[in-house]
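Structural characterization, general
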Amino acid sequence: MKKLISIVIPVYNEAENIEALYDEILSIFTKINYNYEIFFVNDGSNDNSLSILEMIANKDKNVKVISFTRNFGHQAALSAGLYYANGDAVLTMDCDFQDPPSLIPEFIDKWEKGAKIVYGRRIQRNDSFFKKVTASVYYSLLYVAGDIKIKGNIGDFRLIDKVVVEKLNNIKERNKYLRGIIPWFGYKYEIVDYIRPKRIKGSTKFSWLKMARFAMIGILNFSLLPIRLGLFVGIFICSTGFLFFLYLIYRSLFDNQFYKLLEWLAVFNYVLIGILFIFIWIISEYIGKIYDEVRQRPLYVIDKVLNIKINENSHA
Ligand code: UDP
Ligand code: MG
């Protein structure tokens, strides 16, 4: 029995790319000994992407199409594809050749050697200067702030084993940030390095706003740093305020300096603001806890047990 590889491709106005990409994937699978199924997830395109997909799906039953009513976003499209995919492994990739299909055999190879997750890592990207800078700042920030410690520029070009897919589909969290939650599982992984080519046809579908929102979700979903900022600000204000107080007291006692009530109150107010910041931080920590509980992420992820019948509904 040949193993089945599912490929999930989000599509948003990619009419110029779909057929060429399909042809290239097909030609790769004629050379390797695997079955394939391709999930094109049409994320509310308003060009003729959908009719091209319908045409391909009509002649190739291994091509499946999921079409959204409107644009729900790249992550939602990936989640949908991952939910319906049946493969022994699922590869997610963009529709614009920026995730080169020629690397598919390398992903499969690393997976066959035991990795449960294979990440594509862009060692160089031929994007605009702006995109390069924002991406590199963002990935470093995510590395520093978040609890996911895989270095480098890793996007959604990746292959995951069906075990991971199943875990992922069982996660109750609704707004999954796949680039965070997949490494969070902690499975054994491998990396395929590649140079990210320029997008040749069509243009990027990520507006400034979309990119910023996406970046925000990544940070908020995986880092408590923003919530802790209040503590740092509070401590800074309180400690400088304390020094101001010492200064006033010193000058009053030893320099015979007279301060009006209003001046004392000014310093007092300053300190009070610091205390308020600390209280805001405390409230934020509670909100963080609520957030954590509501998401219902599993407490841990079990890879293997010995002499135990595993109960998937325990904590995990
Ligand atoms: N995409 C999508 N919905 C969106 C934006 C993008 O499904 O709202 C798809 C798009 O068709 C492509 C992939 O996500 O297959 C990556 O998008 P893009 O190439 O525009 O992103 P970039 O490479 O510029 O980061
Ligand atoms: Mg692209």
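Right above here is the structure, for reference.
This is a predicted model, so every value here is computed, not measured.

Definitions and limits used
Starting from 1, residues in each chain are numbered consecutively following that chain's sequence as written. Key to labels: chains lettered from A, ligands numbered from 1, both in the order written. Per-residue local features are limited, in this predicted model, to residues with pLDDT of at least 70; the limit for side-chain atom pairs, both in listing and counting, is 80 or more; totals at the level of whole chains, interfaces and linings are taken over all residues. Water and hydrogen atoms were dropped before computing side-chain values, which therefore reflect all heavy atoms in the structure. Atoms are scored as donors when they are N, O or S and lie within 2.8 Å of the metal, with 3.2 Å used for Na, K and Ca; no water is included, so coordination may look incomplete. With a 1.4 Å probe rolled over the protein chains alone, any residue whose accessible area is under 20% of its type maximum counts as buried; one over 50% counts as exposed, and the rest are partly exposed. Only runs of H or I of at least four residues qualify as helices and only runs of E of at least two qualify as strands under DSSP, and these elements are numbered from the N terminus. Two strands are said to pair when DSSP picks up at least two bridges between them. Note on method: axes are straight lines fitted to C-alpha atoms, helices fitted across the in-contact stretch only, with angles between N-to-C directions ranging 0 to 180 degrees. Residue contacts are counted whenever heavy atoms from the two residues lie within 4.5 Å of one another. Take a side-chain nitrogen of Lys or Arg and a carboxyl oxygen of Asp or Glu: if they are within 4 Å of each other, that pair is a salt bridge. Residues grouped as a nonpolar core are buried Ala, Val, Leu, Ile, Met, Phe, Trp, Tyr and Cys residues, joined through side-chain atoms within 4.5 Å. Throughout, near means a residue has at least one heavy atom within 4 Å of the molecule or strand. Nitrogen and oxygen atoms within 3.5 Å of one another constitute a polar contact, given that in protein one can donate a hydrogen and the other can accept it, and given that sequence-neighbouring residues count only through two side-chain atoms. Areas reported here follow the Shrake-Rupley algorithm with a probe of radius 1.4 Å; residue values treat only the protein chains shown as occluding.

**Quick notes on the coordination of the magnesium ion (ligand 2)**
- On the protein side, the magnesium ion (ligand 2) has D96 (OD) and Q98 (OE1) as donor atoms, found 1.9 Å from it. Of the two residues examined, D96 and Q98, each falls in the buried class.

**Description of the pairing of strand β6 (residues 154-161)**
- Burial analysis of β6 places eight of its eight residues in the buried class, the great majority of the element.
- The pairing of strand β4 (residues 89-92) with β6 spans four bridges and is antiparallel. Looking across to β6, one finds that T92 is bridged to R158.
- Where strand β5 (residues 117-125) meets β6, four bridges bridge the pair, whose relative direction is antiparallel. Note on β6: the bridge partner recorded for I117 is I160.

**Side note on the sheet that holds β4**
- Taken in spatial order, the seven strands of this open sheet run β3-β2-β1-β4-β6-β5-β7, and their pairing is mixed. Sheet topology places β3 (63-67) and β7 (189-196) at the edges, where each strand pairs with a single neighbour. The mean inter-strand angle of the sheet, taken between neighbouring strand axes irrespective of direction, is 20 degrees.
- One ladder, built from eight bridges, connects β5 with β7; its direction is parallel. Looking at β7, one finds that Q124 is bridged to I195.
- On top of the sheet, helix α2 (residues 49-59) reaches β1 (4-11), β2 (35-42) and β3; it is set at about 150 degrees to β3, its chief contact.
- Running over the sheet, helix α4 (residues 104-112) touches β1, β4, β5, β6 and β7 and is turned about 50 degrees from β6.

**What to know about the pattern of salt bridges**
- In this structure the tally under the stated criterion is 14 salt bridges.
- Note that K113 is salt-bridged to D109, the shortest N-O span being 3.1 Å.
- Accessibility expressed as a relative area gives 66% for K113, which makes it exposed.
- By sharing partners, the salt bridges in this structure join E14, D96 and R199 into a single network.

**Observations regarding the nonpolar core**
- Core analysis: the largest hydrophobic core is formed by 35 residues, its most contacted members being I7, I9, I25, F29, F40, M93 and I104.
- The leading source of residues in this core is helix α1 (residues 18-31), at six residues.
- Excluding residues that lie within four positions of it along the chain, I9 makes contacts with L21, I25, I38, F39, F40, V41, M93, D94 and C95.
- Within the second largest apolar cluster, 33 residues are counted, among which are V8, F39, I66 and A135.

**Topic: the site of ligand 1**
- In the region of ligand 1, 19 residues are neighbours, and E14, D43, D96, T204 and K205 sit closest.
- Between ligand 1 and T204 there is a distance of 2.5 Å, counted from an oxygen atom to a side-chain nitrogen or oxygen.
- Within the backbone of K205, an N or O atom sits 2.5 Å from an oxygen atom of ligand 1.
- For ligand 1, whose unbound accessible area comes to 530 Å², protein coverage reaches 95%.

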